[in-house]
Amino acid sequence: MTSSPPPPRHLRTGTGTGAATATAGHGDLPAAPPADYDVRCHRRLRGPYTGGSDLLRAVIPELAGTHDELIAARATEVISLTPDQAALVPIAPQTLTALASRAERTRFYSVARTLRVSHGVAELLMDWARALHPGGAVIRFREVDDADPTDRELVAVLLRRCDPAVLRLVVESDSLADDELGKALHTYTDRAADPAALAQDRPQDTDLAQAWIDADGTSTDPELLAAYQALPAPERAARHSARAALLAEKDEPGSALGAQLFHLEHGTDPAAAAGTAFLEACESCFDSGFYEAALDMAQRGRALFGDTRPKPYWNLTNKIGACLSYLRRGEKGFSYFAELRSGSTEPEIHMNSCYMMAMLYTRHLPKGMHDEMRALEWVNTAIAIADWNPDPHRRIFVGAFMRNAKALVELHRADLDAALALVNEAIAMTDADLGPDEQLLHRSVLRYNRAQILAAMGDHDGSLADYDLVISRDPDYGDYYFERAGGRRANGQFEAALADYAEAIRLSPPFHEAHFNRADLLRELGDEEGALRDLDYAAILDPYHVDTLVNRADLLMALGDTERAAADVAAGLALDPKNANLLCAQGALLADAEQTEAALSSFTAALEADPSFVAAWVNRAVLAYTAGRPADAVDDLDHAIGLADDPVLRGNRALALYDIGAHERALADLDVAVPELAEEDPDLLFRRGAVRLALGDREGARADWRDHLAAYAAASEPSPHAEEIAAAGAGESAA
C-alpha cells in the first residue's frame, strides 16, 4: 500500500542575509518551483500595490475577452490596483466618491478598504488559475520585506486564502515581522531555496553608480552602492534629477508614487519636488485609502522644505494628522494639528485643524479618550471660521460640512434632536445655494447621515426615504444598500432587506459585515443552511471577529454539529477569554458531554464576566436541577427572572419550587405561565394541578387536570401523567 503525497504548501525563500534564513543551510532545503509570474514588490518602484498591480497587469489581459465575467465581478478591485486597466473592465462601478473632484471630496475610504480589496483580488486570482492554469500556477513575490503595507497585506491574504494546489505562492522574505504577513508566513509556508541564479557578467565599461541609480535605489549589490556613494554630491543629485525626468517622460503606471519620488527627493531641487510631486502623490494615495503610503510621503515631503513653511508644507502637515487619525493612531496627530494652528494664520488651515480635532475626540481616538464636550468646542470653532469665509459659495459648502460634523458629535452625545436639526440645516443651506447637479457627493453624504439619525430615532420610514434618494443618486455605492437593508429589516421588509444585502455584496469588495448581518436575518427567517454559508464566509474574511464565531457556534449547536461548534468556541475564547456568550456555549457543550462540573465552571465563568447574562443563569439552573440541586436552580432562576421576566422561566422555576416545597411561589409562577404557554405545553396544567393539590385545593387540581387530559385527547395522544392523576385519587373527576 502506498501513501498519498502530502498536499503542497506555499513556500518562503530568502536572500540569505536575514536571521530567519540563517537558521538553515540552503543545501538542506528543496528548491522552489519555477514561477509562472515573478513579481517585484519593492515600494520604491511604484509605491502602494507595486507587486499587486504588476501581477494584475499580467493576469487581466489574459482574462480579457474570454472571461470578462471574472473581471466584471472584481471591477472595483482591478481599478483600485490598476486604474490604467479600466478599459479592460467590462462594467466598472461609477460611484460619486470615485467621480468627485478632489475639491468636492467629503467622503474618504475606510482604512479597512484595502483588506477588502485584497480578499477580492485573492478570489479573482483563484478564478484565473482555475480557468487558465488548470494544472496549477506559481507566483513568486520578491522583495516583500521592502513592500508597501498594501502589498504586505495582499500577500498575507493570498497565503491564507489561496489553495496551493491551484495557486502556489513563493514569497521571498528574510523576516517574520510581527504583522499579518509574518503570521501568515509562519502558518502557511514551508522553507525552500531559490534556484541558483545564473551569474551575469557586466561589461567592463559599466557605470556602476548609474546602474545603482537606474535600479531606482532597490539594488542590494554592494559594488553598485559603493560606486554611487563615491560620486560627488552635486553629481549624485544631477543624476537623480535626470532619472526622475526620464521616468516622468515614460509615464509608467505607478512610477509617480514610487521611483520618481525617490529620485526627486535626492535630486537638485527637492523642495520644489515636495511642493508638487510629493504633495500630489500624497493626496492621490490619501484619496485612494492608501493611508500608510500617504503618511510616508507627507513626512518625507515635509522634511524637504528645511526651515521654510510654504503652503504645501502645511498641506502635508495636515495630511500627516489626517492619516494618523484614519490609521487609528490619532493621539499622535495632536502635535501636527497644534503646529498648524501655531504656525499659520490662514483661516482655512485653522478651520480644518479644528474640524480634525473634533473628529479625534468624537471618532478617531481610542474609546477611553473620547471627549464629546471637547469635540463640541472644536467643531463650534470650525463652524465660526467657516461662516466668515468671504466666498459665498465656499461659505455654504464648508458651513454645511462643519454642521454635518457637529451633528456627528451631537449623535455621540445622544442628542438626536440636535443632530437632526443640524443635518437639516446643512441640507437646506446646500439645496438653496446649489443647482440640482452640483456637489452631488456632498449632498448625498448629508442625506445618508440624516437617514442614519432618523433610524436611530426609530423613524424607519423617514430613514428609508432618504436611503432611497441617495441610492437613486449613487446607485453603484454598495454601502448604501447595506445600510438600507438594516432599515428595511427593522421595518419588517425582510425580502427587500435580503435583496439589498445581495446588492451590497455584488457591488462591493468582499464585505464581512454584509455576510454577518445577512446570516442573522436568514436565521431569523428559518434558513439555517443559508445563514451558515454566510457565517462560514464571514469567518474567512475576518477570522478574528469574535461575534462571527459566537453566532456560528450557536447555529452549529442548533444543527447538531457539536464538533465544529466546539472548535469555534475554542477559537473565540483564544481571542476573548472572558466572552460570556462563548463561555456559556462551552458550558452547554460540556453539559451535553455529561461533564457536569466542567460545565458548571463554564457557566459560572460566564456570569463572572457578565452577571446580566440571562442564558448563563438559566443554563446553570437547568444543570443544577438535573444534578438534583433544586434549591440552587431556584436561586439561579431568581436572578434570571429578575433580569428578564419570562413565562417559560417561571414555568421552569415552578418545577424547582415544587420540589423544595415552596408551593405558593410555584403557584404564583404557574398562574403567569399557564395562560401564556398551556396551549403549546399542556403539561403546565398538570404541574399547576399538582401544586394546587399540595396546597389543599382539590377542586382547582381537578379543573387543571381535566383541561390537561382534554388537551391530550384532542391531539389523540395519551397523557404521560395519566397514571399520576389517577393515583392522586382525582382521575374520574378529572376525566
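Residues numbered from 1 in each chain as written. Predicted model: local features only at pLDDT ≥ 70, side-chain atom pairs only at ≥ 80, totals over all residues. Heavy atoms only, no water.

Chemist: Describe the overall build of the protein chain, listing the residues and the values that go with them.
Modeler: Each helix and strand in the protein chain was counted, giving 39 helices and five strands. If one aligns the C-alpha atoms of the protein chain with their principal axes, the spans along those axes are about 115 × 85 × 45 Å. Taken across its 735 residues, the protein chain has 48% of its residues classed as buried. By sequence separation, contacts in the protein chain at least 24 residues apart represent 61% of the contacts at least 6 residues apart. Carbon together with sulfur atoms contributes 52% to the accessible area of the protein chain, which is approximately 33,700 Å² in total. Taking the average place of the 69 positive charges on the side chains of the protein chain and the average place of its 116 negative ones, the gap between the two points comes to 5 Å. (Helix = DSSP H or I, 4+ residues; strand = E, 2+ residues; numbered from the N terminus. Buried < 20%, exposed > 50% of the residue type's maximum accessible area, 1.4 Å probe, protein only. Contact = heavy atoms within 4.5 Å. Areas by Shrake-Rupley, 256 points an atom, 1.4 Å probe, with all protein chains shown as cover. Lys, Arg positive; Asp, Glu negative; His and termini not counted. Charge placed at Lys NZ, Arg CZ, Asp CG, Glu CD.)

Chemist: So what's going on with the nonpolar core? Which residues, and what values?
Modeler: Counting residues in hydrophobic clusters, the biggest one holds 97 residues, and the most contacted among them are Leu125, Trp128, Phe141 and Leu167. In terms of residue count, the dominant contributor to this core is helix α18 (residues 347-364) (10 residues). Every residue in contact with leucine 125, bar those within four places of it in the chain, is listed here: Leu55, Leu56, Val59, Leu158 and Leu167. Listed in part, the 70 residues of the second largest apolar core include Tyr501, Leu521, Leu583 and Phe603. (Core = buried A, V, L, I, M, F, W, Y, C linked by side-chain atoms within 4.5 Å.)

Chemist: Give me the lowdown on the sheet that holds strand β3 (residues 137-142), citing residues and values where you can.
Modeler: Reading across the sheet, the five strands line up as β2-β3-β4-β1-β5 and stay open at both edges, with parallel pairing between neighbours. The sheet is open, and its two borders are formed by β2 (37-40) and β5 (189-191), each paired with just one other strand. Neighbour-to-neighbour, the strand axes of the sheet open up by a mean angle of 25 degrees, direction not taken into account. The strands that helix α7 (residues 113-132) touches are β2, β3 and β4 (167-172); relative to β4, the one it contacts most, it runs at about 125 degrees. Packing against the sheet, helix α9 (residues 180-188) makes contact with β1 (10-13), β4 and β5, and its axis sits at approximately 70 degrees to β5. (Pairing = 2+ DSSP bridges. Axes fitted to C-alpha atoms, helices over the stretch in contact; angles between N-to-C directions.)

Chemist: Give me the lowdown on the pattern of salt bridges, citing residues and values where you can.
Modeler: Enumeration according to the criterion identifies 55 salt bridges in this entry. Arginine 57 is the partner of aspartate 84 in a salt bridge, and the nearest nitrogen-oxygen pair spans 3.0 Å. Here arginine 57 lies in helix α3 (residues 50-63) and aspartate 84 lies in the loop between α5 (75-81) and α6 (96-99), a separation of 27 residues in the sequence. One salt bridge in this structure joins arginine 692 and aspartate 704, with 3.0 Å as the shortest N-O distance. Highlighted residues: arginine 692 in helix α36 (residues 683-694) and aspartate 704 in helix α37 (residues 698-714), separated in sequence by 12 residues. Residue arginine 692 shares its accessibility class with aspartate 704, and that shared class is buried. When salt bridges with common partners are traced through the structure, they connect Asp638, Asp645, Arg650, Arg653, Arg665 and Asp669 into a single cluster. (Salt bridge = Lys/Arg side-chain N within 4 Å of Asp/Glu carboxyl O.)

Chemist: Break down the packing of helix α29 (residues 562-575) against helix α30 (residues 580-592) for me, with residues and values.
Modeler: Packed helices, taken two at a time, are described by the angle their axes make and the gap between the axes. At their nearest, the axes of α29 and α30 sit 10 Å apart, and the two run at 145 degrees to each other. Handedness of the crossing formed by α29 with α30: left-handed. Contact residues: Thr562, Ala565, Ala566, Asp568, Val569, Gly572 and Leu573 in α29; Leu582, Leu583, Ala585, Gln586 and Leu589 in α30. Among the residues forming the contact of α29 with α30, the class breakdown is eight nonpolar, three polar and one charged. (Left-handed = near helix turned anticlockwise from the far one by under 90°. Nonpolar A, V, L, I, M, F, W, Y, C, P; charged D, E, K, R; others polar.)

Chemist: Break down the pairing of β4 for me, citing the residues and quoting the values.
Modeler: Taking burial as the measure, the six residues of β4 include five buried ones, the bulk of the element. With helix α8 (residues 149-161) bridging β3 and the parallel β4, this β-α-β connection has right-handed handedness. (Right-handed = clockwise from strand over helix to strand, strands pointing away.)

Chemist: Explain the confidence of the model for the protein chain to me, using residue names and the numbers behind them.
Modeler: Across the protein chain, the average pLDDT comes to 93, with 96% of residues at 70 or higher. Note that residues 17-25 has pLDDT below 50 and, in this model, 14 contacts with residues that lie over four places away or in other chains. Here residues 731-735 is modelled with pLDDT under 50, and outside its nearest four sequence neighbours on either side it reaches 10 contacts, counting other chains as well. (pLDDT = per-residue confidence, 0-100.)

Chemist: How would you summarise the side chain of asparagine 389 if you had to cite specific residues and measurements?
Modeler: For asparagine 389, the location among the structural elements is in the loop between α19 (372-386) and α20 (392-412). Among the polar contacts made by the side chain of asparagine 389, one reaches the main-chain amide nitrogen of aspartate 391 at a distance of 3.0 Å. When near neighbours in sequence (up to four residues on either side) are disregarded, asparagine 389 contacts Glu348, Arg394 and Arg395. (Polar contact = N/O pair within 3.5 Å; in protein donor to acceptor, adjacent residues only side chain to side chain.)

Chemist: Run through α3, naming residues and quoting values.
Modeler: When the terminal C-alpha atoms of α3 are compared, their 21 Å separation across 14 residues agrees well with the 20 Å that a helix rising 1.5 Å per residue should span. All of the buried residues in α3 are Thr50, Gly51, Gly52, Ser53, Leu55, Leu56, Val59, Ile60 and Leu63. (Expected span 1.5 Å × (residues − 1).)

Chemist: How would you sum up the environment of valine 398? Please name residues and give values.
Modeler: Turning to its location among the elements, valine 398 is positioned in helix α20. Taking the relative accessible area as the measure of exposure, valine 398 reaches 3% and is therefore buried. When the C-alpha atoms of valine 398 and glutamate 529 are compared, they prove to be 49 Å apart, with 131 residues separating the residues in sequence. Discounting residues that sit within four places of it in the chain, valine 398 has contacts with Glu348, Met351 and Ala386.

Chemist: Mind laying out the side chain of threonine 97, listing which residues take part and the relevant values?
Modeler: Assignment of secondary structure puts threonine 97 in helix α6. Of note is the side chain of threonine 97, whose polar atom sits 3.0 Å from the side chain of arginine 107. Once residues within four sequence positions are removed from consideration, threonine 97 is found in contact with Arg105, Arg107, Tyr109, Leu441 and Tyr477.

Chemist: Just give me the short version of the environment of methionine 356, but keep the residues and values in it.
Modeler: Here methionine 356 shows up in helix α18. If near-sequence neighbours (up to four positions away) are discounted, methionine 356 is found in contact with Asn318, Ala322, Ser325 and Phe337.

Chemist: Would you mind going over the packing of aromatic side chains in detail, with residue names and values included?
Modeler: Taken as a whole and assessed by the stated rule, the structure comprises 18 aromatic pairs. Note on tyrosine 37 and tryptophan 128: the rings are 5.9 Å apart at their centroids and 50 degrees apart in plane angle, and the pair reads as tilted. On the criterion of sequence distance, the pair formed by tyrosine 37 in strand β2 and tryptophan 128 in helix α7 is long-range, its members being 91 residues apart. The same class applies to tyrosine 37 and to tryptophan 128, which are both buried. Considering the side-chain rings of tyrosine 49 and phenylalanine 290, the 5.5 Å spacing of their centres and the 75 degrees angle between planes classify their relative orientation as edge-to-face. Linking tyrosine 49 in the loop between α2 (43-46) and α3 with phenylalanine 290 in the loop between α14 (270-288) and α15 (291-303), this pair joins segments that are 241 residues apart in sequence. With relative accessibility at 2%, the residue tyrosine 49 sits in the buried group. Three or more aromatic residues link up through ring pairs in this structure, and these residues are Phe108, Phe286, Tyr291 and Tyr326. In this structure, arginine 116 is placed above the aromatic ring of phenylalanine 511, and the distance from its NZ or CZ to the ring centre is 4.2 Å. Across the ring face of tyrosine 313, the terminal group of arginine 309 is positioned such that the distance to the ring centre comes to 4.1 Å. (Phe/Tyr/Trp six-rings, centres within 6.5 Å; stacked < 30°, edge-to-face > 60°. Lys NZ or Arg CZ within 6 Å of the ring centre and 35° of its normal.)

Chemist: Which residues make up unusual backbone geometry, and what values do they have?
Modeler: With phi around 70 degrees, alanine 414 is a residue other than glycine that occupies positive phi space. If you trace the backbone, alanine 414 turns up in the loop between α20 and α21 (416-433). Here glutamate 594, not a glycine, exhibits a phi torsion of approximately 60 degrees, which is positive. Overall, the relative accessible area of 70% leaves glutamate 594 in the exposed class.

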